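# Chains, contacts and geometry: an overview
Here's the letter readout for the chains.
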Amino acid sequence: MKHANIQILGDVYWDSSTSVNNVKLHNNVKISKNCSIFGSEKEQLTIGHDTYIGMNTIINGFSAKISIGNNVSIAQNVNIMSDSGPNASLVLQAVFPIEKKEIHIGQHCWIGAGVVILPGTKLEDYCVVGANSVVSGHFEEGSVIVGCPARTAKVINYV
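Residues numbered from 1 in each chain as written. Predicted model: local features only at pLDDT ≥ 70, side-chain atom pairs only at ≥ 80, totals over all residues. Heavy atoms only, no water.

## As for the pattern of salt bridges
As a reminder of what qualifies: Each salt bridge in this description consists of a side-chain nitrogen of Lys or Arg and a carboxyl oxygen of Asp or Glu lying within 4 Å of one another. Only protein chains enter the calculation, and the probe is 1.4 Å; a residue is then buried if its accessible area is under 20% of its type maximum, exposed if over 50%, and partly exposed in between.
The full count for this structure, using the stated rule, is 2 salt bridges. A salt bridge links Lys101 to Glu99, with the shortest nitrogen-to-oxygen separation between them at 3.2 Å. Of the residues examined, Lys101 reaches a relative accessible area of 42% and is grouped as partly exposed. For the salt bridge of Glu124 with Lys122, the shortest nitrogen-to-oxygen distance reads 3.7 Å. Judged by its relative accessible area of 23%, Glu124 falls in the partly exposed class. Overall, Lys122 belongs to the partly exposed group, its relative accessible area being 36%.

Right, dumping it as structure tokens:
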């Protein structure tokens, strides 16, 4: 397993079964087992301090920037992808072009188990995403987001 282009800004833990490349990790980041967390040499993925990433999670920031704020909780089996499309079929790409867009997850967000976050998603601070939701778009601060496709169920003022 190759580890490259990793900036560690404090104490960080990741399980030995996890792959981490092209990332900037702030203090007290914890990454559980069997995760794949990567940006690219051009677009380094950033994860803020005191953030937890649950087992079997994939964070693919290869094609566009992904930034994850401080105090974010990401449950198990989450897939966050900055690109999506039928990359093995040029015929299908003519109809469904590969989408490559940045993702931003704000401070104090909670991402439930089995969530899929699609390219171009922006979660403002204090968002909660319910388990097994498929998220795309921009969600305001304090949004409780659920469903497939995900929608705002309610907005809570946390501050």
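## Side note on the environment of Ile105
Our working definition: Each helix is a run of DSSP H or I of at least 4 residues and each strand a run of E of at least 2, with the numbering of both proceeding from the N terminus. Working rule for contacts: check all heavy atoms of both residues, and any pair within 4.5 Å makes them a contact.
Among the structural elements, Ile105 can be located in strand S15 (residues 103-105). On a C-alpha basis, the gap between Ile105 and Cys127 in space is 8.6 Å, while along the polypeptide they are 22 residues apart. Discounting residues that sit within four places of it in the chain, Ile105 has contacts with Ser67, Ile68, Gly69, Val72, Ile80, Ile117 and Leu123.

## Structural notes on the side chain of Ser32
For Ser32, the location among the structural elements is in the loop between strand S5 (29-31) and strand S6 (36-38). Discounting residues that sit within four places of it in the chain, Ser32 has contacts with Asp15, Thr18, Tyr52, Ile53, Gly54 and Met55.

## Details of the sheet that holds strand S8 (residues 52-53)
Our working definition: At least two bridges found by DSSP between two strands is the condition for calling them paired.
Taking strand neighbours across the sheet as the criterion, the 8 strands line up as S2-S5-S8-S11-S16-S19-S22-S23 in an open arrangement whose pairing is mixed. Since the sheet does not close on itself, it has two edges, and those belong to strand S2 (12-14) and strand S23 (150-155), each with one partner. Sheet analysis places strand S11 (residues 73-74) next to strand S16 (residues 110-111), joined by 2 bridges and oriented parallel. Each bridged residue has a counterpart across the sheet, and for Ile74 the counterpart in S16 is Ile111.

## Overview of the environment of Leu25
Positionally, Leu25 belongs in strand S4 (residues 23-26). In this structure, the C-alpha to C-alpha distance between Leu25 and Thr51, residues 26 residues apart in sequence, is 9.3 Å.

## Overview of unusual backbone geometry
Leaving glycine out, the prevailing phi sign among residues is negative, and the prevailing peptide bond configuration is trans. Looking along the chain, the bond that leaves Cys148 and enters Pro149 is cis, with omega of 0°. Note on placement: Pro149 falls in the loop between strand S22 (143-147) and S23. Phi at Asn22 is positive, roughly 55°, even though this residue is not glycine. Relative to the helices and strands, Asn22 is located in the loop between strand S3 (19-21) and S4. With phi around 65°, Asn28 is a residue other than glycine that occupies positive phi space. Structurally, the position occupied by Asn28 is in the loop between S4 and S5.

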